[in-house]
Amino acid sequence: QVQLVESGGGLVQAGGSLRLSCAASGRTFSSYTMGWFRQAPGKERECVAIISWSSIYTNFADSVKGRFTISRDNAKNTVYLQMNSLKPEDTAVYYCAADRTGGRYSALASEYDYWGQGTQVTVSS
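Here's a quick rundown of the structure. (Residues numbered from 1 in each chain as written. Predicted model: local features only at pLDDT ≥ 70, side-chain atom pairs only at ≥ 80, totals over all residues. Heavy atoms only, no water.)

**Observations regarding the pairing of strand β1 (residues 4-7)**
For step 1, the next point in the chain: Taking every second residue as pointing to the same face, the buried face of β1 carries L4 and E6, while none of V5 and S7 on the other face is buried.
For step 2, the next point in the chain: As defined by bridge partners, β1 adjoins strand β3 (residues 18-24) across four bridges and the pair is classed as antiparallel. Residue L4 lies in a different strand from β3, and its bridge partner there is A24. (Buried < 20%, exposed > 50% of the residue type's maximum accessible area, 1.4 Å probe, protein only. Helix = DSSP H or I, 4+ residues; strand = E, 2+ residues; numbered from the N terminus. Pairing = 2+ DSSP bridges.)

**Section: the packing of aromatic side chains**
For step 1, the next point in the chain: Here the structure, examined in full by the defined rule, presents six aromatic pairs.
For step 2, the next point in the chain: Aromatic pair F37 and W115: ring centres 4.9 Å apart, planes at 55°, arrangement tilted. Placement of F37 in strand β4 (residues 33-39) and of W115 in strand β10 (residues 114-115) is noted, with a sequence separation of 78 residues between them.
For step 3, the next point in the chain: On the accessibility criterion, W115 (26% relative accessible area) is partly exposed.
For step 4, the next point in the chain: An aromatic cluster is built from F37, Y95, Y112 and W115, whose rings are joined through pairwise contacts. (Phe/Tyr/Trp six-rings, centres within 6.5 Å; stacked < 30°, edge-to-face > 60°.)

**Some points on the side chain of S106**
For step 1, the next point in the chain: In this structure, S106 sits in the loop between β9 (92-99) and β10.
For step 2, the next point in the chain: A polar side-chain atom of S106 sits 2.7 Å from a polar atom in the side chain of E111.
For step 3, the next point in the chain: If we ignore the near neighbours within four places in the chain, the residues touching S106 are I50, E111 and Y112. (Polar contact = N/O pair within 3.5 Å; in protein donor to acceptor, adjacent residues only side chain to side chain. Contact = heavy atoms within 4.5 Å.)

**Observations concerning the environment of R67**
For step 1, the next point in the chain: Summarising the element assignment, R67 is placed in the loop between β6 (58-60) and β7 (68-73).
For step 2, the next point in the chain: A residue is classified by how much of its surface remains accessible, and R67, at 10% relative accessible area, is buried.
For step 3, the next point in the chain: Sequence-wise, R67 and A49 are 18 residues apart; in three dimensions their C-alpha atoms are separated by 11 Å.
For step 4, the next point in the chain: The residues touching R67, leaving out its near neighbours within four places in the chain, are Q82, M83, N84, S85, L86, K87 and D90.
For step 5, the next point in the chain: Polar contacts involving the side chain of R67 include one to the side chain of D90, which spans 2.7 Å.

**A few points about the sheet that holds β3**
For step 1, the next point in the chain: Pairing is antiparallel across the open sheet formed by four strands, whose spatial order is β1-β3-β8-β7. In this open sheet, the two strands that pair with only one neighbour each are β1 and β7. The sheet shows a mean angle of 15° between the axes of neighbouring strands, direction not considered. (Axes fitted to C-alpha atoms, helices over the stretch in contact; angles between N-to-C directions.)

Take a look at the structure:
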(Lines give C-alpha, C1' and ligand atoms only; values in the text may rest on other atoms or scores of the structure.)
Protein backbone atom coordinates (compact mmCIF):
# COMPACT_ATOMS: atom_id res chain seq x y z
CA GLN A 1 0.00 0.00 0.00
CA VAL A 2 1.24 3.47 -0.88
CA GLN A 3 -0.08 6.71 0.56
CA LEU A 4 0.46 9.95 -1.32
CA VAL A 5 0.26 13.46 0.12
CA GLU A 6 0.47 16.53 -2.10
CA SER A 7 1.52 19.99 -0.99
CA GLY A 8 2.55 23.30 -2.48
CA GLY A 9 -0.66 24.48 -4.06
CA GLY A 10 -2.01 27.97 -3.65
CA LEU A 11 -3.00 31.21 -5.31
CA VAL A 12 -0.61 32.79 -7.79
CA GLN A 13 -0.81 35.49 -10.42
CA ALA A 14 -0.56 34.67 -14.09
CA GLY A 15 3.07 34.32 -15.10
CA GLY A 16 4.08 33.12 -11.66
CA SER A 17 5.45 29.79 -10.48
CA LEU A 18 4.58 27.08 -8.01
CA ARG A 19 6.28 23.86 -7.02
CA LEU A 20 4.10 20.96 -6.02
CA SER A 21 5.44 18.10 -3.95
CA CYS A 22 4.06 14.63 -3.46
CA ALA A 23 5.38 12.65 -0.52
CA ALA A 24 4.89 8.90 -0.66
CA SER A 25 4.96 6.26 2.00
CA GLY A 26 6.00 2.72 1.28
CA ARG A 27 9.24 1.05 0.35
CA THR A 28 8.26 0.35 -3.26
CA PHE A 29 7.82 3.98 -4.30
CA SER A 30 11.07 3.95 -6.24
CA SER A 31 9.78 1.27 -8.62
CA TYR A 32 6.56 3.06 -9.58
CA THR A 33 5.77 5.30 -12.50
CA MET A 34 4.46 8.55 -11.08
CA GLY A 35 2.04 10.96 -12.67
CA TRP A 36 0.60 14.37 -11.99
CA PHE A 37 -3.00 14.91 -13.00
CA ARG A 38 -5.32 17.86 -12.73
CA GLN A 39 -9.04 18.38 -12.73
CA ALA A 40 -10.82 21.67 -13.25
CA PRO A 41 -14.51 22.13 -12.36
CA GLY A 42 -16.74 20.51 -14.94
CA LYS A 43 -13.83 18.91 -16.76
CA GLU A 44 -12.35 15.46 -16.88
CA ARG A 45 -9.18 14.62 -15.02
CA GLU A 46 -6.23 15.02 -17.35
CA CYS A 47 -2.67 13.84 -17.16
CA VAL A 48 -0.19 16.68 -16.92
CA ALA A 49 3.13 14.89 -16.54
CA ILE A 50 4.60 11.41 -16.13
CA ILE A 51 7.96 10.24 -14.86
CA SER A 52 9.44 6.77 -14.88
CA TRP A 53 10.95 5.16 -11.79
CA SER A 54 14.46 6.01 -12.98
CA SER A 55 13.58 9.54 -14.15
CA ILE A 56 14.89 8.65 -17.59
CA TYR A 57 11.46 8.91 -19.16
CA THR A 58 9.22 11.94 -18.78
CA ASN A 59 6.25 13.11 -20.78
CA PHE A 60 4.02 16.14 -20.64
CA ALA A 61 0.65 17.27 -21.89
CA ASP A 62 0.94 19.61 -24.86
CA SER A 63 -0.71 22.34 -22.83
CA VAL A 64 2.15 22.45 -20.32
CA LYS A 65 5.21 21.55 -22.40
CA GLY A 66 8.00 24.03 -21.92
CA ARG A 67 6.40 25.41 -18.74
CA PHE A 68 6.19 22.42 -16.36
CA THR A 69 8.87 19.99 -15.31
CA ILE A 70 8.54 16.78 -13.32
CA SER A 71 11.24 15.25 -11.16
CA ARG A 72 11.58 12.75 -8.35
CA ASP A 73 13.89 11.95 -5.50
CA ASN A 74 13.57 8.28 -4.70
CA ALA A 75 15.72 8.63 -1.60
CA LYS A 76 13.12 11.05 -0.22
CA ASN A 77 10.11 9.22 -1.66
CA THR A 78 9.01 12.45 -3.26
CA VAL A 79 7.95 13.58 -6.72
CA TYR A 80 7.79 17.22 -7.76
CA LEU A 81 5.99 19.31 -10.33
CA GLN A 82 7.61 22.64 -11.09
CA MET A 83 5.11 24.93 -12.77
CA ASN A 84 6.33 28.11 -14.42
CA SER A 85 4.62 30.75 -16.54
CA LEU A 86 1.30 29.79 -15.03
CA LYS A 87 -1.89 30.68 -16.85
CA PRO A 88 -5.45 31.03 -15.56
CA GLU A 89 -6.33 27.87 -17.49
CA ASP A 90 -3.92 25.95 -15.25
CA THR A 91 -6.36 26.46 -12.37
CA ALA A 92 -7.40 23.04 -11.08
CA VAL A 93 -6.99 20.55 -8.32
CA TYR A 94 -3.70 18.75 -8.88
CA TYR A 95 -3.25 15.11 -7.92
CA CYS A 96 -0.25 12.86 -7.86
CA ALA A 97 -0.70 9.20 -8.65
CA ALA A 98 1.35 6.02 -8.65
CA ASP A 99 1.25 3.18 -11.16
CA ARG A 100 2.69 -0.03 -9.77
CA THR A 101 2.84 -1.73 -13.19
CA GLY A 102 6.47 -1.63 -14.23
CA GLY A 103 7.46 -0.21 -17.60
CA ARG A 104 4.12 1.46 -18.30
CA TYR A 105 3.89 5.20 -18.83
CA SER A 106 0.20 5.76 -19.20
CA ALA A 107 -1.74 9.00 -19.31
CA LEU A 108 -4.94 7.19 -18.35
CA ALA A 109 -6.10 7.89 -14.82
CA SER A 110 -7.74 4.46 -14.67
CA GLU A 111 -4.33 2.78 -14.86
CA TYR A 112 -2.99 4.40 -11.71
CA ASP A 113 -3.36 2.49 -8.47
CA TYR A 114 -2.77 5.09 -5.76
CA TRP A 115 -3.86 8.71 -5.51
CA GLY A 116 -3.27 11.64 -3.26
CA GLN A 117 -6.02 13.86 -1.92
CA GLY A 118 -5.20 16.72 -4.26
CA THR A 119 -3.98 20.29 -3.85
CA GLN A 120 -5.70 23.36 -5.26
CA VAL A 121 -3.85 25.59 -7.69
CA THR A 122 -5.52 28.88 -8.58
CA VAL A 123 -4.01 31.24 -11.13
CA SER A 124 -5.46 34.74 -11.25
CA SER A 125 -5.39 36.89 -14.35
